[in-house]
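# Summary of structural features
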Amino acid sequence: MTEVITWIQTYDKEIFTGVFFGLQGMMLLLLFVNGHRIKKIRKKMNQIAKQTEEYLRSAQKDKERVSVAAAGTEVLQNNAGRDKSCEKTAEEDENGLITAVLTEIFP
């Protein structure tokens, strides 16, 4: 045991320098690994955002087609009273669509 302590006292600068650079190397490795993980997560998030955007666009187009057809058949006075309620339901429908898409992707 005394030989180990003597050896450590003799080469303390070299040992601490080696430990320092070893820890720096480990930190660099962790930095690269976490950077790669973040890059993969960012790619997945962008892919999900694009899928959601496409789905919402197609749903919005379908809804616009239905609303244009319905507006042509109804009287303008009836639509004036429904505008406020339609806006609320449009937001609720959009939120429902977003929720449905996200639950499909993340079960």
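The structure this text deals with has already been given above.
So, here is what we can say about the structure in this document.

What counts and what doesn't
- Residues numbered from 1 in each chain as written.
- Predicted model: local features only at pLDDT ≥ 70, side-chain atom pairs only at ≥ 80, totals over all residues.
- Heavy atoms only, no water.
- Phe/Tyr/Trp six-rings, centres within 6.5 Å; stacked < 30°, edge-to-face > 60°.
- Buried < 20%, exposed > 50% of the residue type's maximum accessible area, 1.4 Å probe, protein only.
- Salt bridge = Lys/Arg side-chain N within 4 Å of Asp/Glu carboxyl O.
- Helix = DSSP H or I, 4+ residues; strand = E, 2+ residues; numbered from the N terminus.

Right, let's get into the packing of aromatic side chains. Applying the stated criterion across every chain yields a total of 2 aromatic pairs. A centroid spacing of 5.7 Å and a plane angle of 55 degrees characterise the contact between W7 and Y11, whose relative ring orientation is tilted. A centroid spacing of 5.4 Å and a plane angle of 70 degrees characterise the contact between F20 and F21, whose relative ring orientation is edge-to-face. Residue F20 is classed as partly exposed on the basis of its relative accessible area of 45%.

What follows deals with the pattern of salt bridges. Evaluated as defined, the whole model comprises 1 salt bridge. Here R57 ties to E53 by a salt bridge, and the two come within 2.3 Å at their closest N and O atoms. With R57 and E53 both in helix α2 (residues 12–73) and 4 residues apart, the pair spans about one turn of that helix.

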